[in-house]
Amino acid sequence: MPEIQEKLPPLLTDVRRSILEIGAGTGLITTSLADWTPAEIFALEPSTGMRAVLLSRLCARPELFDRVTVLPCDALSVALDEPVEAMVMINVMYALEPDYRKRLWPVLADRLEPGGLLVFTWRDGGAPSERPLKELASRQVGRHTYTVFSEILESDGPEGEACKARYLYQITQDGRLISEEEIVGHSYRPVWETLEGELVGAGFVQTEAPEGLLAWRLA
């Protein structure tokens, strides 16, 4: 989040009218977009649980009630009254299956005004290699310590894009395990040539962006 707070706002300097945020999650970026720009924001989040947290966060910001609309639909079926000026996807693309992603770019192009901006987080290099369980992050809140671990169970390797990962979420107190949740799923990291071909084919032209982000304009 701190890195995004530093790198994303300069890309949105000229955005004044409307932003579609795809995969709004719990709303951390949503409220930041509202702080960085005067634009109307359409926050798309299909997950009921995530959307509940997002709406709760917005309730704490009543000044945003007339500027933020939460959309419960899938990105492929998003319907807007008019094309938006910009689109933002933060830490979303890695969850998109290849066939879904290929279908998504033309849909986004149809919902974006000519010359409009598409920005998303990006890391090149294909799928990560298989690796054992390791700690990703840990934070203490009150008497509890929240720790996230991950391991790569299967991988297509740097020339492919799919990997199977296992995440372990633990809550401990004084070294004693209180709760533990395991999630196993797939993620996708296309190589640059694949991604570039898909976006150019959908009518996008790359523009400058800081490391960690990609920015495209609709031709």
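Cut-off values and rules
- Residues numbered from 1 in each chain as written.
- Predicted model: local features only at pLDDT ≥ 70, side-chain atom pairs only at ≥ 80, totals over all residues.
- Heavy atoms only, no water.
- Phe/Tyr/Trp six-rings, centres within 6.5 Å; stacked < 30°, edge-to-face > 60°.
- Axes fitted to C-alpha atoms, helices over the stretch in contact; angles between N-to-C directions.
- Helix = DSSP H or I, 4+ residues; strand = E, 2+ residues; numbered from the N terminus.
- Left-handed = near helix turned anticlockwise from the far one by under 90°.
- Contact = heavy atoms within 4.5 Å.
- Nonpolar A, V, L, I, M, F, W, Y, C, P; charged D, E, K, R; others polar.
- Buried < 20%, exposed > 50% of the residue type's maximum accessible area, 1.4 Å probe, protein only.
- Pairing = 2+ DSSP bridges.
- Patch = residues over 30% accessible without salt bridge, like charges linked within 9 Å, V, L, I, M, F, W, Y side chains within 5 Å.
- Areas by Shrake-Rupley, 256 points an atom, 1.4 Å probe, with all protein chains shown as cover.
- Salt bridge = Lys/Arg side-chain N within 4 Å of Asp/Glu carboxyl O.
- Core = buried A, V, L, I, M, F, W, Y, C linked by side-chain atoms within 4.5 Å.

**Q** What is the right way to read the packing of aromatic side chains from this model?
**A** Aromatic ring pairs are reported here in terms of the distance separating the ring centres and the angle at which the planes meet. For the coordinates displayed, the defined rule picks out three aromatic pairs. Put simply, the rings of Trp122, Trp192 and Trp216 touch in pairs and so form one group of aromatic residues.

**Q** Quick question: what am I supposed to make of the packing of helix α4 (residues 98-111) against helix α5 (residues 192-201) here?
**A** At a minimum axis separation of 9 Å, α4 and α5 run at an interaxial angle of 35°. Two packed elements cross with a definite hand, and for α4 against α5 that hand is right-handed. Contact with α4, carried on its side by Arg101, Lys102 and Trp105, involves Thr194, Leu195, Glu198 and Leu199 of α5 and no other residues of that element. Among the residues forming the contact of α4 with α5, the class breakdown is three nonpolar, one polar and three charged.

**Q** Help me understand the pairing of strand β11 (residues 213-218) in this model?
**A** Moving residue by residue along a regular strand, the side chains alternate between the two faces of the sheet. Within β11, five of the six residues are buried, which leaves the element mostly enclosed by the surrounding structure. Pairing of strand β5 (residues 112-121) with β11, which is carried by five bridges, proceeds in the antiparallel orientation. If you follow leucine 117 over to β11, its bridge partner there is arginine 217. As paired elements, strand β10 (residues 204-207) and β11 share four bridges and run antiparallel to each other. Bridged to glutamine 206 within β11 is tryptophan 216. In textbook terms, the turn of a hairpin is the stretch between consecutive antiparallel strands, and for β10 and β11 this stretch comprises five residues, one of which, glycine 212, has a positive phi near 95°.

**Q** Is there a simple way to think about a nonpolar patch on the surface in this case?
**A** Where nonpolar side chains cluster on the molecular surface, the patch consists of Leu136, Tyr167, Tyr169 and Ile183 and spans about 340 Å² of accessible area. With respect to the helices and strands, isoleucine 183 occurs in strand β9 (residues 176-188).

**Q** Could you clarify how one ought to interpret the sheet that holds strand β7 (residues 144-155) in this entry?
**A** Sheet strands associate in pairs through backbone hydrogen bonding, adopting either a parallel or an antiparallel arrangement. On the basis of which strands lie adjacent, the open sheet formed by four strands has the order β6-β7-β8-β9 and antiparallel pairing. The sheet is open, and its two edges are formed by β6 (131-141) and β9, each paired on a single side. Across the sheet, the axes of successive neighbouring strands diverge by a mean angle of 20°, strand direction being ignored.

**Q** Teacher, can you tell me more about the sheet that holds strand β4 (residues 84-89) here?
**A** Pairing is mixed in the open sheet, where seven strands are placed in the order β3-β2-β1-β4-β5-β11-β10. This sheet does not close on itself; its edge strands, each paired only once, are β3 (68-71) and β10. On average, adjacent strands in this sheet sit at an angle of 20° to one another, irrespective of strand direction. Pairing analysis gives five bridges linking β4 to β5, with the strands arranged parallel. Its bridge partner lying in β5, valine 84 is registered against leucine 112. Each of β2 (40-44) and β3 touches helix α3 (residues 48-59); the most contacted strand, β3, lies at about 165° to it. Across the face of the sheet, α5 comes into contact with β5, β10 and β11 while running at roughly 25° to β11.

**Q** Would you mind going over the pattern of salt bridges with me for this structure?
**A** Oppositely charged side chains can pair when the atoms bearing their charge come close. Taken as a whole and judged by the stated rule, the model has 10 salt bridges. Ionic pairing is found between glutamate 161 and arginine 101, a salt bridge with its closest N-O pair at 2.8 Å. Note that glutamate 161 is positioned in the loop between β7 and β8 (162-173) and arginine 101 in helix α4, a separation of 60 residues in sequence. Neither glutamate 161 nor arginine 101 differs from the other in exposure class; each is buried. Note that arginine 166 is salt-bridged to glutamate 151, the shortest N-O span being 2.6 Å. On the criterion of sequence distance, the pair formed by arginine 166 in strand β8 and glutamate 151 in strand β7 is long-range, its members being 15 residues apart. Members of the salt-bridge network, linked through shared partners, are Arg17, Glu82 and Glu113.

**Q** Would you mind showing me how to read helix α2 (residues 28-36) here?
**A** Side chains three or four residues apart in an α-helix point the same way, a direct result of the helix having 3.6 residues per turn. Regarding α2, the residues found buried are Ile29, Thr30, Thr31, Ser32, Leu33 and Ala34. At its buried positions, α2 is contacted by α1 (2-7), β1 (18-22), β2, α3, β3 and β4.

**Q** I would appreciate a short explanation of the nonpolar core in the present structure.
**A** In globular proteins that are soluble, nonpolar side chains generally tend to be buried together. Of all hydrophobic cores here, the largest spans 30 residues; its most connected members are Leu20, Trp105, Leu118, Phe120, Leu195, Leu199 and Phe204. Among the secondary structure elements, those contributing two or more residues to this core are β1, β2, β4, α4, β5, α5 and β11. In terms of residue count, the dominant contributor to this core is α4 (five residues). Once residues lying within four places of it in the same chain are set aside, the contact partners of leucine 118 are Met87, Trp105, Leu108, Leu112, Leu199, Phe204, Leu214, Ala215 and Trp216. Among the nonpolar cores identified, the runner-up in size contains 25 residues, and Leu8, Leu33, Ile90 and Leu213 belong to it.

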